[in-house]
Amino acid sequence: MNRLPSTLSRALTRVTEAALGPYQSAVIRIGFALTWLLYLLREFPYRQELYGPSGPWNLAMVRRLTGDNHAFTALTWSSGQPWFEFCYALAILAAAALLLGWRTRTASVLFMVGVVSLQNRSIFIGDGGDNVLHLMSIYLVFTRCGQVWSLDARRAARTAAARARGERAPADRTGPALWAVLGLVLAVATATGRLFGNSWLIPALLWTVWAALGLWRLVQRRARSAEPRLLLDVIANVLHNGALVVIMAEACLIYATAGWYKIQGSRWQDGTAVYYPLHLDYFTPWPGLAGLLSASATMLTIVAYGTVTVQVAFPFTLLNRRVKNVLLVLLILEHAVIAVALGLPFFSLAMITADAVFLPTSFLLRVGRLAARARGRFGREGGGTVPAPRSPEESTPGHVGFTA
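Owing to the predicted nature of the structure, the values given are computational and were not obtained by experimental measurement.

Novice: Tell me about the nonpolar core, residues and numbers included.
Specialist: If you look at the biggest cluster of nonpolar residues, it comprises 52 residues, and the most contacted ones within it are Phe-32, Trp-36, Leu-40, Phe-111 and Leu-118. Among the elements that make up this core, the one with the highest residue count is helix H2 (residues 22-42) (10 residues). Those residues in contact with Trp-36 that sit more than four places away from it in its chain are Ala-91, Ala-95, Phe-111, Gly-114, Val-115, Leu-118, Gln-119 and Leu-133. Membership of the second largest hydrophobic core comes to 17 residues, among which are Met-112, Val-116, Val-141 and Leu-205.

Novice: Tell me about H2, residues and numbers included.
Specialist: In a regular helix each residue adds 1.5 Å, so 21 residues correspond to 30 Å; H2 covers 30 Å between its end C-alpha atoms and thus fits that length. H2 sits mainly inside the fold: 15 of its 21 residues count as buried.

Novice: Explain helix H6 (residues 104-121) residue by residue, including any values.
Specialist: Helix length check: H6 (18 residues) gives 25 Å between terminal C-alpha atoms against 26 Å at 1.5 Å per residue, within 8%. Of all the 18 residues making up H6, 17 are buried; the element is thus mostly covered by neighbouring parts of the structure.

Novice: Which residues make up a nonpolar patch on the surface, and what are the values?
Specialist: Taken together, the side chains of Trp-286, Leu-289, Leu-292, Leu-293, Val-337 and Val-340 make up a nonpolar region of the molecular surface, amounting to roughly 570 Å² of accessible area. The set of elements that each furnish at least two residues to the nonpolar patch consists of helix H13 (287-293) and helix H15 (321-341). No other element matches the 3 residues that H13 contributes to the nonpolar patch. Along the chain, the position of Val-337 falls in helix H15. Look at Val-337 and you get partly exposed, because its relative accessible area is 48%.

Novice: Tell me about the environment of Asn-198, residues and numbers included.
Specialist: Here Asn-198 is to be found in the loop between helix H9 (174-191) and helix H10 (201-222). The class for Asn-198 is partly exposed, based on a relative accessible area of 31%. With 129 residues separating them along the chain, Asn-198 and Asn-69 place their C-alpha atoms 8.2 Å apart. Once residues lying within four places of it in the same chain are set aside, the contact partners of Asn-198 are Thr-66, Gly-67, His-70 and Ala-71.

Novice: Provide a residue-level description of the side chain of Gln-119, including the pertinent values.
Specialist: Within the secondary structure, Gln-119 is located in helix H6. Those residues in contact with Gln-119 that lie beyond four places of it in its chain are Trp-36, Asp-130, Leu-133 and His-134.

Novice: I'd love a proper account of the pattern of salt bridges, names of residues and values included.
Specialist: Per the counting criterion, the structure on display carries 6 salt bridges. In this structure, the salt-bridge partner of Arg-47 is Glu-85, at a minimum N-O distance of 3.1 Å. Note that Arg-47 is positioned in helix H3 (residues 47-51) and Glu-85 in helix H5 (residues 81-100), a separation of 38 residues in sequence. One salt bridge connects Arg-165 with Glu-167, and the closest N-O pair in it is separated by 3.2 Å. Overall, Glu-167 belongs to the partly exposed group, its relative accessible area being 44%.

Novice: Tell me about unusual backbone geometry, and please be specific about residues and values.
Specialist: Phi is positive for His-70, close to 60°, though the residue is something other than glycine. By the secondary structure assignment, His-70 is in the loop between helix H4 (59-69) and H5.

Novice: Residues and numbers for the packing of aromatic side chains, please.
Specialist: Per the stated rule, a full pass over the model turns up 15 aromatic pairs. Between Phe-84 and Tyr-88, the ring centres sit 6.0 Å apart and the planes meet at 50°, which makes this aromatic pair tilted. Taken as a pair, Phe-84 and Tyr-88 lie in helix H5 at a separation of 4 residues, close to a single helical turn. Residue Phe-84 shares its accessibility class with Tyr-88, and that shared class is buried. Aromatic side chains Phe-314 and Phe-358 sit 5.2 Å apart centroid to centroid with 80° between the ring planes, which places their arrangement in the edge-to-face category. Within this pair, whereas Phe-314 is found in the loop between helix H14 (297-313) and H15, its partner Phe-358 is found in the loop between helix H16 (345-355) and helix H17 (361-381), the two being separated by 44 residues in sequence. By relative accessible area, which is 0% here, Phe-314 ends up buried. You can call Phe-358 buried: its relative accessible area is 6%.

Novice: Any details on the environment of Gly-259? Residues and values, ideally.
Specialist: Mapped onto the secondary structure, Gly-259 falls in helix H11 (residues 227-264). Under the relative-accessibility criterion, Gly-259 is labelled buried at 0%. Sequence separation between Gly-259 and Ala-313 is 54 residues, and the spatial gap between their C-alpha atoms is 8.6 Å. Aside from chain neighbours lying at most four places away, what touches Gly-259 is Val-308, Gln-311 and Val-312.

Novice: Please give an account of the packing of H6 against H10 that cites residues and values.
Specialist: In the contact formed by H6 and H10, the axes pass within 11 Å of each other and the chain directions differ by 170°. As far as their axial angle goes, H10 and H6 are roughly antiparallel. Touching Arg-105, Thr-106, Val-109, Met-112 and Val-113 of H6 are Ile-202, Leu-205, Leu-206, Val-209 and Leu-213, all from H10.

Novice: An account of the confidence of the model for the protein chain is requested, with residue identities and associated values reported.
Specialist: With 93% of its residues at a pLDDT of at least 70, the protein chain reaches an overall mean of 88. Predicted confidence is poor over residues 383-403, with pLDDT under 50, and the contacts of this stretch with residues over four places away or in other chains come to 55 contacts.

How each quantity is defined
- Residues numbered from 1 in each chain as written.
- Predicted model: local features only at pLDDT ≥ 70, side-chain atom pairs only at ≥ 80, totals over all residues.
- Heavy atoms only, no water.
- Core = buried A, V, L, I, M, F, W, Y, C linked by side-chain atoms within 4.5 Å.
- Buried < 20%, exposed > 50% of the residue type's maximum accessible area, 1.4 Å probe, protein only.
- Helix = DSSP H or I, 4+ residues; strand = E, 2+ residues; numbered from the N terminus.
- Contact = heavy atoms within 4.5 Å.
- Expected span 1.5 Å × (residues − 1).
- Patch = residues over 30% accessible without salt bridge, like charges linked within 9 Å, V, L, I, M, F, W, Y side chains within 5 Å.
- Areas by Shrake-Rupley, 256 points an atom, 1.4 Å probe, with all protein chains shown as cover.
- Salt bridge = Lys/Arg side-chain N within 4 Å of Asp/Glu carboxyl O.
- Phe/Tyr/Trp six-rings, centres within 6.5 Å; stacked < 30°, edge-to-face > 60°.
- Axes fitted to C-alpha atoms, helices over the stretch in contact; angles between N-to-C directions.
- Parallel < 35°, antiparallel > 145°, perpendicular 65-115°, else oblique.
- pLDDT = per-residue confidence, 0-100.

Printed below as a string of structure tokens:
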């Protein structure tokens, strides 16, 4: 009878005392930021036709649609070309900042605004990978995804090292400046009626995060005891862990629904579903490779049945680590083949990033060590004098707070 309360107590302590999965959350931060950044850079010459005010899907159509579906997009705040160019450039800069982990909390919010604004501006552009990116950009706002492998973590480690040596850490001026500027932008947008024009969810989230950042900094600087800091830290950990669970559930839901819908299709039942995409001009960037892959009917049937089996079975294998890891490798290989054979790199990269939330921590630590060694070797060859750390733990602290 005493086991249940003890188990619940340990589970509650684990959820509240630490932000779990720091390396997994860092990987999904880097992966989704990289996916969006590469997409924006690739489509930069065609940005006017895709999202510009003079594109085929003009602003009048967008405003009418968002008025009906209550979607948020900052691109309807002005019909001028300078505003569109500013928003597109801001989306690129936010993706780059999130990729590097610079001011991660603010970068994640601006990243979400960029993704949601551009995708809701032209909803007929994109594929399933864009839908995944759309949802994950919102979930990332709630995570503490800058704990490791980020400029924020490096800055926090240097500050902690300086304090350990008895030195006075330099005052952070960039964070308060960003907070003040973004607060001014939110106030102006709200006062002019643009922020809460069609949607309330994203604007309310923006104001909540802005207020939370201000409260965090106020408590860090003015609190006379440790209790307020601990309370805010617990809240941040619970939000992070909850968001991580939602991300994992979202990935499982994607594979479960995709697999069960495939089972109902006659093309997947007779094993010919893989054949047809390989012979569509739109999905054959390498006709020779497509012909080679579709040469064997037996192989196509095995691939079709294997795809359905792996997608349906994956959510049920999470309780068995070894089986889960095997299916995870198969899913990642599947998306890698899709990226090359069907010419869908951004869809595949988004799905591989979503899969990365299930990667074992030991594997990610080995990848981090290899990357650190490669960086150290490159630095020595280039004349660098700063040695690379032997492991990610040596260069990063346990926690990074609400960093503006």
